[in-house]
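# Structure at a glance
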Amino acid sequence: MSIEPIDLNSPERRADAKLTIEGLSKTFGGGADAVQALAPIDISIGLGDFLCVVGPSGCGKTTLLNIVAGFEPATAGQATLDGQVITRPGAERGVVFQQGALFNWLSVLENVAFGPRARGVPVAQARADAQKMLEMVGLGSFSSKYPYQLSGGMQQRVGIARALVNDPEVLLMDEPFAALDQQTRELLQEEVRKIWQETGKTIMWITHSIEEALFLATHIIVMSARPGKIKAAFRSRFSENPDPLIGATAEFTAARREIVGLLREESQKARRQEEHV
Ligand SMILES: Nc1ncnc2c1ncn2[C@@H]1O[C@H](COP(=O)(O)OP(=O)(O)OP(=O)(O)O)[C@@H](O)[C@H]1O
Ligand SMILES: [Mg+2]
């Protein structure tokens, strides 16, 4: 078991896609100050795929996710969900940020119930749904607390519950565990894997951690230095193995080494670019 190169834009994948990214590029600003963040990118993401995106800092990962979330327009090309071009945020796409996106003045329960309330779900139903999601992420007894009373890991779990409560078809996660310590991170990765297996959600997950990508993903893309494009794409099967210690195997180490090698080249390029800005 290991990782295998894959064409994420093959005709079969395109025909079967839940989410597509088609000829999508993005340039910020204009004239001499223009920054090309993304070169044209084409990928097809299938229903239930768990796509992890790794790439050097500044290569356009967040930009890509923001376009798919509908927060940011593409310069050229498009992203589609079930064939519909994405032009704005929508409840069918749940987003989890790196940190700090909770409302500090609302209880944990009200934070999670906020989305359903905004969509017009009656208050009792919204609260019941929120409570259920909090139980799913192991925070059932924390619903009356406020975000500042929770640890960073707990806050991220609330963020995940808040995204899940809308029953989105796609989850978009931008380094959701980056600020957490390694042990918390590993525990939450196991929880996410369980949630993904139980719900069958389609997930796009940005991370700087290759281990995280290998542990969680069905597919991994490695992006190049800015302007970000697909440098390599892999089918990964480690996430199918229930062993939480899969990371200790020789196959995992070999896969990790392969991706580290690809990323190192790009990180060095990115570094040189930054030095010349
Ligand atoms: N709103 C903006 N206006 C101008 N330039 C931007 C804007 N947002 C991002 N950029 C530029 O686009 C490039 C890609 O940024 P982005 O945040 O997508 O990178 P990233 O891959 O998410 O990086 P990191 O790993 O550090 O989070 C960077 O050069 C950044 O400076
Ligand atoms: Mg980013």
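One can find the structure itself at the top, above this paragraph.
All of the points below concern the structure found in this document. (Residues numbered from 1 in each chain as written. Chains lettered and ligands numbered in written order. Predicted model: local features only at pLDDT ≥ 70, side-chain atom pairs only at ≥ 80, totals over all residues. Heavy atoms only, no water.)

### A look at the site of ligand 1
The local shell around ligand 1 holds 14 residues, among which Ser57, Gly58, Lys61, Thr62 and Thr63 are the closest. Lys61 places a polar side-chain atom, nitrogen or oxygen, 2.7 Å from an oxygen atom of ligand 1. Contact between ligand 1 and Thr63: an oxygen atom at 2.5 Å from a side-chain N or O atom of the residue. For ligand 1, the accessible surface in isolation is 640 Å², of which the surrounding protein chains cover 61%. Elements with a minimum of two residues in the shell around ligand 1: β3 (35–46) and α2 (61–69). Considering every element that reaches the shell around ligand 1, the biggest residue donor is α2, with three residues. (Near = heavy atom within 4 Å. Polar contact = N/O pair within 3.5 Å; in protein donor to acceptor, adjacent residues only side chain to side chain. Areas by Shrake-Rupley, 256 points an atom, 1.4 Å probe, with all protein chains shown as cover. Helix = DSSP H or I, 4+ residues; strand = E, 2+ residues; numbered from the N terminus.)

### What about the packing of aromatic side chains?
The final tally for this structure, using the stated rule, is eight aromatic pairs. Between Phe50 and Trp196, the ring centres sit 5.7 Å apart and the planes meet at 75 degrees, which makes this aromatic pair edge-to-face. With Phe50 in strand β4 (residues 50–54) and Trp196 in helix α6 (residues 182–199), this residue pair connects regions lying 146 residues apart in the sequence. Judged by relative accessible area, which is 12%, Trp196 ranks as buried. Geometrically, the ring pair formed by Phe238 and Phe252 is edge-to-face, given 5.1 Å between the ring centres and 65 degrees between the ring planes. Here Phe252 lies in helix α8 (residues 250–275) and Phe238 lies in the loop between β11 (230–236) and α8, a separation of 14 residues in the sequence. We note that Phe238, like Phe252, is buried. Among the aromatic side chains, those forming a connected cluster through ring pairs are Phe50, Phe177, Trp196 and Trp205. (Phe/Tyr/Trp six-rings, centres within 6.5 Å; stacked < 30°, edge-to-face > 60°. Buried < 20%, exposed > 50% of the residue type's maximum accessible area, 1.4 Å probe, protein only.)

### Concerning the pattern of salt bridges
This structure, assessed with the given rule, holds 15 salt bridges. Between Arg256 and Glu211 there is a salt bridge, with the nearest N and O atoms lying 2.4 Å from each other. Of this pair, Arg256 sits in helix α8 while Glu211 sits in helix α7 (residues 210–216), and the two are 45 residues apart along the sequence. Overlapping salt bridges, with partners in common, bring together Lys231, Glu265, Glu266 and Lys269 in one network. (Salt bridge = Lys/Arg side-chain N within 4 Å of Asp/Glu carboxyl O.)

### Comments concerning α8
In this model, α8 (26 residues) spans 37 Å end to end at C-alpha, consistent with the 38 Å of a helix rising 1.5 Å per residue. Of the positions making up α8, those classed as buried are Phe252, Ala255, Ile259, Leu262, Leu263, Glu266 and Ala270. Residues of α8 that are buried make contact with β1 (3–5), β4, α7, β10 (219–223) and β11. (Expected span 1.5 Å × (residues − 1). Contact = heavy atoms within 4.5 Å.)

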